[in-house]
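Residue-level structural notes
The lines below spell out each chain.
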Amino acid sequence: MSWRPPLRMACLVAALPVLWAAAGSSPLTLEIRDYAAMPITGKVDGKGQTDGMLARVNSLREEPGGANRLFVNDLNGPLYILDKNTKTLTTYLDFNGREGHTGLFRKFAYETGYANGLVSVQFDPDYRRNGTFYTVHIEDPAVGASNLPDNTNLPGLKTTGYEATPPIATPGDIQREGVLIEWTDTKISNSTFEGSARELMRVQLNTRIHPLGDLAFNPAARPGDSEWRVLYIGCGDGGSGESRTPIRSNPQRLDTLVGKVLRIVPDLRDHEASTIVSDNGRYRIPKDNPFVSTEGARKEIWAYGFRNPHRMHWAIDAANPANNRLIANSIGLHTWETVNIVRKGANYGYSAREGNEVLRPDNQIVKQLPDVDEIPVRVSGTVTNGTIVPTYPVIQYGHVPGGGDAIGSGFLYQGKLVPALRGKYIFTDISTGRVWWADYKEMLAADDGNPGTMAAMHEVNLFWEKQVYPTMFPIVQASYRLRGGKNPILPGRALVSGEGRADAHVAVDGTGELYIFTKSDGVIRSVLGARR
Ligand SMILES: [Ca+2]
Ligand SMILES: [Ca+2]
């Protein structure tokens, strides 16, 4: 069962458009324009791992309800409201309450670790009526301070009755905690927060990498459906899976939440008949989660065996709802970046697999899968319960020229401005700033139990300020300088990109139109359309 990367992946070099032309297929070129230069929250001298990035925008979401506002979170602490009409930017919440800062959380961890800080924000599907949204942020349990929010500078936040939850244990030493909070704003028509908050979950993480991450609701669910207001949570492995110590099996262990996709009902008043209340009493767990009846397993787990499923997206096929899928982009160790179709109870193999190859305990890759491709179902460090055939990605690309270092976000395009992208999944590589699309029907077809079949990747060029670029990297380099960035190279570590990171992700707004945001220059750009 040997599998080779598609030829174009193996031979991609700088002369990419020429290769594509020779292959009879010219790349799509997207015209992009600067949309918003975010306030500089990093250091312009570029020193340090992540603090030299000018603004660490990690996601943007359009507020439901037609107010024409984007909610944008910066890992360094702020959650902004960006008015699409006026481009006015308002700091709605500031999570950074570490010493010397005036925000909410005294144990807030943000400076080290590419995804530490205010990781994610997601709106409740019923936000228009209930004003509820959810956030994940990272705390350092070693900081000697309260884990309760300090509302000194946010008097609209009622803290009476707010209580932290006991950390959900993860095997091994612990450096971080990922915290999921439900916020309810009693007046969503203004740009300030007034209301209450409730901590739902606090997950122990072994190291500062791969934290609790993305939040996703199925947008096709309607009131009364079993999926209505059911929250999917991507939880990274906390760096455990690449360890040479016993925590290496954490992504495979069903008794811990790390390296998993989780599924919960945040609202204790919802789905009462079809759920059970969580151990900490703060949320519900659907009874049809796959490991609810497995002795010793965490009932929140929906799928497992991930390194860092840090971006999730519900792909909705309006013409055929049977094609709706949850997609998770997961960052690889040394070899493969992957796009995965998330199935109930499936095991994505890490840290016994990386991409569609075997990962050995010494972190070396073995290309040949075993003849009987099964791995143990690990309930704990000592107990196993049969075996399972791993589920493999539907797209993967290597840490090679033309590939990248770390997969970014991805979305099934639903907008109108780029007709050529309809029915396509568009995604990025973080460090190189490459952008690709893949055909969604090919992705569905590649979800076939055959580790060798994948959807093809197609390169996207970018047209910005009168020039065509093969990636976001040179655009971000120019913009970083223009904004006062002093480091001779872009901040952050990378291999395939050369030095530094563009740190590029895509996002979509409420109409499905695309944006590309990049942390190193701290700029959000909108996609205006395709160019011929
Ligand atoms: Ca408000
Ligand atoms: Ca396949």
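The coordinates are above.
For clarity, every value in this text was computed on a predicted model and none was experimentally measured.

Moving on, we come to the nonpolar core. Formed by 33 residues in total, the largest nonpolar core has its most connected members in Leu-180, Met-201 and Ile-233. Elements represented by at least two residues in this core include exactly strand S7 (132-139), strand S10 (195-205), strand S11 (212-217), strand S12 (231-235), strand S13 (260-264), strand S16 (301-304) and strand S23 (375-378). The leading source of residues in this core is S10, at 4 residues. Setting aside anything within four residues of it in sequence, one finds Leu-180 in contact with Tyr-134, Thr-135, Val-136, Arg-198, Glu-199, Leu-200, Met-201, Leu-212, Leu-215, Leu-231, Ile-233 and Ile-264. Of all hydrophobic cores here, the second largest spans 28 residues; its members include Val-435, Met-472, Ile-475 and Ile-516.

This brings us to the layout of surface pockets. Roughly 1,200 Å³ of volume is contained in the largest pocket. Broken down by secondary-structure element, the contributors of at least two residues to the lining of the largest pocket are strand S2 (57-62), strand S6 (118-123), S11, strand S17 (311-315), strand S26 (407-412) and strand S31 (504-508). Classifying every residue of the lining of the largest pocket by side-chain character gives 22 nonpolar, 12 polar and 9 charged. Roughly 820 Å³ of volume is contained in the second largest pocket. For the second largest pocket, the lining is made up of 36 residues, of which Tyr-114, His-210, Ile-331, Ala-406 and Arg-501 are closest to its centre.

For Glu-354, the position within the fold is in strand S20 (residues 353-354). Comment: no salt bridge for buried Glu-354; closest opposite-charge side chain is Arg-307, at 6.4 Å. A polar atom in the side chain of Glu-354 sits 2.9 Å from the backbone nitrogen of Trp-336. Excluding residues within four positions of it along the chain, Glu-354 makes contact with Gly-332, Leu-333, His-334, Thr-335, Trp-336, Leu-359 and Ile-365.

Only Asp-185 (OD), Asp-185 (OD), Lys-187 (O), Asn-190 (OD1), Thr-192 (O) and Glu-194 (OE) from the protein coordinate the calcium ion (ligand 1), and they sit 2.1 to 2.6 Å from it. Along the chain, the residues that donate to the calcium ion (ligand 1) are spaced as D-x1-K-x2-N-x1-T-x1-E. Residue classification places Asp-185 among the buried residues on the basis of a relative accessible area of 4%.

Here the focus is the sheet that holds S11. What the 4 strands build is an open sheet, ordered S11-S12-S13-S16; its pairing is antiparallel. Edge positions in the sheet fall to S11 and S16, since each has one partner strand and no second. Adjacent strand axes in the sheet meet at a mean angle of 20 degrees when their direction is disregarded.

So, about the coordination of the calcium ion (ligand 2). Protein coordination at the calcium ion (ligand 2): the donors are Ala-446 (O), Asp-448 (OD), Asn-450 (O), Thr-453 (O) and Thr-453 (OG1), at 2.3 to 2.6 Å from the metal. In this structure Asp-448 comes out as partly exposed when scored by relative accessible area, which is 38%. Taking relative accessible area as the criterion, Thr-453 reaches 27% and is therefore assigned partly exposed.

A word on the environment of Phe-217. Along the chain, Phe-217 falls in strand S11. On the basis of relative accessibility, which here comes to 9%, the residue Phe-217 falls in the buried class. For the pair Phe-217 and Trp-228, spaced 11 residues apart in sequence, the C-alpha separation works out to 8.0 Å. When sequence neighbours within four positions are dropped, the list of residues in contact with Phe-217 reads Gln-122, Phe-123, Asp-124, Pro-125, Tyr-134, Arg-229, Val-230, Leu-231 and Trp-314.

Scanning the entire structure with this criterion turns up 33 salt bridges. Among the ionic pairs, Glu-99 bridges to Arg-98, the shortest N-O distance being 3.4 Å. We classify Glu-99 as exposed; its relative accessible area is 59%. What makes Arg-98 buried here is its relative accessible area of 17%. Among the salt bridges present, the one from Arg-353 reaches Asp-373, with a minimum N-O distance of 2.8 Å. One end of the pair, Arg-353, is in strand S20; the other, Asp-373, is in the loop between strand S22 (365-366) and S23, and 20 residues separate them in sequence.

Taken together, the 4 bridges between strand S1 (residues 28-37) and strand S29 (residues 458-464) define a ladder with parallel strand orientation. Pairing of Leu-30 across the sheet is with Leu-462, part of S29. Note that S1 and strand S33 (residues 523-531) share 8 bridges and pair antiparallel. Paired with Arg-33 across the bridge in S33 is Ser-526.

This part covers helix H5 (residues 473-482). If you check which residues of H5 are buried, you get Phe-473, Ile-475, Val-476, Ser-479 and Tyr-480. Angular distribution of buried residues about the axis of H5 spans 155 degrees; they occupy a single face of the element. Packed against the buried residues of H5 are S1, S29, strand S30 (467-469), strand S32 (514-518) and S33. Of the residues flanking the end of H5, it is Gly-484, one or two places downstream, whose phi is positive at about 100 degrees.

In this structure, Glu-337 sits in strand S19 (residues 336-342). Despite its burial, Glu-337 pairs with no opposite charge; the closest candidate is Arg-307, at 6.0 Å N-O. Excluding its chain neighbours within four sequence positions, the residues that come into contact with Glu-337 are Ser-330, Ile-331, Gly-332, Ile-395, Gln-396, Tyr-397, His-399, Asp-405, Ala-406 and Ile-407.

Calculation rules
- Residues numbered from 1 in each chain as written.
- Chains lettered and ligands numbered in written order.
- Predicted model: local features only at pLDDT ≥ 70, side-chain atom pairs only at ≥ 80, totals over all residues.
- Heavy atoms only, no water.
- Core = buried A, V, L, I, M, F, W, Y, C linked by side-chain atoms within 4.5 Å.
- Buried < 20%, exposed > 50% of the residue type's maximum accessible area, 1.4 Å probe, protein only.
- Helix = DSSP H or I, 4+ residues; strand = E, 2+ residues; numbered from the N terminus.
- Contact = heavy atoms within 4.5 Å.
- 1 Å grid on protein atoms, 1.4 Å probe; cavity = no way out; pocket = protein on both sides within 12 Å on 5 of 7 lines; lining within 4 Å.
- Points joined across faces, edges and corners; volume = space filled by probe spheres on them.
- Nonpolar A, V, L, I, M, F, W, Y, C, P; charged D, E, K, R; others polar.
- Lys, Arg positive; Asp, Glu negative; His and termini not counted.
- Salt bridge = Lys/Arg side-chain N within 4 Å of Asp/Glu carboxyl O.
- Polar contact = N/O pair within 3.5 Å; in protein donor to acceptor, adjacent residues only side chain to side chain.
- Donors = N, O, S within 2.8 Å, 3.2 Å for Na, K, Ca; no water.
- Pairing = 2+ DSSP bridges.
- Axes fitted to C-alpha atoms, helices over the stretch in contact; angles between N-to-C directions.
- Arc of directions from axis to C-beta.

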